[in-house]
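So the chains spell out like this:
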Amino acid sequence: MPEKRNYVSPLREQAAARTRELILVEATQLFAERGYGRVTVADIAAAAGVSSKTIFASVGSKADILDKIVDEGVAASGYEQAMRDIVALDAPKAVLAALARGTRAGNEGQFTIHEAIRKALPAHDAAEQLWDRAMNAYREALNATARHLHTLTEKPQTPEEETAGLLWLWFGPNSWRTLVVDNGWTWDRAEQTLARIAHAAL
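All figures in this text were calculated on a predicted structure; none of them were measured in a lab.

Conventions and cut-offs
Residues numbered from 1 in each chain as written. Predicted model: local features only at pLDDT ≥ 70, side-chain atom pairs only at ≥ 80, totals over all residues. Heavy atoms only, no water. Helix = DSSP H or I, 4+ residues; strand = E, 2+ residues; numbered from the N terminus. Buried < 20%, exposed > 50% of the residue type's maximum accessible area, 1.4 Å probe, protein only. Contact = heavy atoms within 4.5 Å. Areas by Shrake-Rupley, 256 points an atom, 1.4 Å probe, with all protein chains shown as cover. Lys, Arg positive; Asp, Glu negative; His and termini not counted. Charge placed at Lys NZ, Arg CZ, Asp CG, Glu CD. Expected span 1.5 Å × (residues − 1). 1 Å grid on protein atoms, 1.4 Å probe; cavity = no way out; pocket = protein on both sides within 12 Å on 5 of 7 lines; lining within 4 Å. Points joined across faces, edges and corners; volume = space filled by probe spheres on them. Nonpolar A, V, L, I, M, F, W, Y, C, P; charged D, E, K, R; others polar.

Student: Lay out the overall build of the chain with the relevant residues and their values.
Tutor: Check the secondary structure of the chain and you find 11 helices and zero strands. Along the chain, helices (α) and strands (β) appear in the sequence α-α-α-α-α-α-α-α-α-α-α when read from the amino end. Its C-alpha atoms give the chain principal-axis dimensions of about 70 × 45 × 30 Å. Across the 202 residues in the chain, those meeting the buried criterion constitute 40%. Taking all contacts inside the chain whose residues are at least 6 apart in sequence as the whole, residues at least 24 apart take part in 68%. Accessible area of the chain: about 11700 Å², with a carbon and sulfur share of 51%. Charge separation in the chain, taken as the distance between the mean sites of 23 positive and 26 negative side-chain charges, equals 5 Å.

Have a look at this one:
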């Protein structure tokens, strides 16, 4: 007697993937608006138009949801292509302008995800580790930019490690948030100003 094989419906898989994506989008928005500690699985289910049971079956617990938000945010940040563009440049001013453009795109595109993680810090047991995980690739991109700047003919006067620290100060997420959120600047103004400051200082 032939072995019975389970049939997997492509349409069912697509519907499940769409449901999962909707859950993550709605959860991200809720975490960013209210804070992780003030959002329940039932809140996420209501926003996504599904049952709490579907949430657990599709994505997992609230902590699992935040984990997946972080992972998808890193995957969608586009930092790898930005770094390829940056290391192809050989003039410091062009490198810093490209870095400003790339980090602006990442922060603007991932703003809600960053806010969701940031607001989880007081309430999530492993939130600091999540933030570090979300920022690891970002920080390494800035470190790689510092290394690249020090290979150029007109290299910075600061030591490489100090250059990397200054790039994090100018182009890290806190700087973008301070200018755009706290001071009400446009993303364009922040990008142009940060690129100009970095070039003048280095």
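Student: Would you mind going over helix α9 (residues 160-171) in detail, with residue names and values included?
Tutor: Because the α-helix completes a turn every 3.6 residues, residues three or four places apart line up on one side. Given a rise of 1.5 Å per residue, 12 residues ought to cover 16 Å, and the 16 Å separating the end C-alpha atoms of α9 matches this to within 8%. Those residues of α9 that are buried are in contact with α6 (92-109), α8 (127-149), α10 (173-182) and α11 (187-201).

Student: Residues and numbers for the layout of surface pockets, please.
Tutor: Considered as a void within the structure, the largest pocket measures approximately 340 Å³ in volume. Around the largest pocket sit 26 residues that line it, and Ser77, Tyr79, Gly102, Gly106 and Tyr138 are the ones nearest its centre. Elements represented by at least two residues in the lining of the largest pocket include exactly α4 (62-76), α5 (79-87), α6, α7 (111-120) and α8. With seven residues, the top contributor of residues to the lining of the largest pocket is α6. Of the residues contributing to the lining of the largest pocket, the split by class is 17 nonpolar, nine polar and no charged. The volume enclosed by the second largest pocket comes to roughly 170 Å³. Taken together, Glu21, Leu24, Val25, Thr28, Gln29, Ile69, Glu72, Gly73, Ala76, Gln110, Thr112 and Ile113 make up the full set of residues lining the second largest pocket.

Student: Before we move on, can you summarise empty space enclosed by the protein with the specific residues and values?
Tutor: Summed over all chains, the structure comprises one cavity of 30 Å³ or more. Empty space within the largest cavity amounts to approximately 50 Å³. The wall of the largest cavity is formed by Asn107, Phe111, His114, Glu115, Arg118, Pro173, Trp176, Arg177 and Trp187. Those elements that place two or more of their residues in the lining of the largest cavity are α7 and α10. Looking at the lining of the largest cavity residue by residue, the class counts come to four nonpolar, two polar and three charged.

Read these as spatial facts, not as claims about activity.
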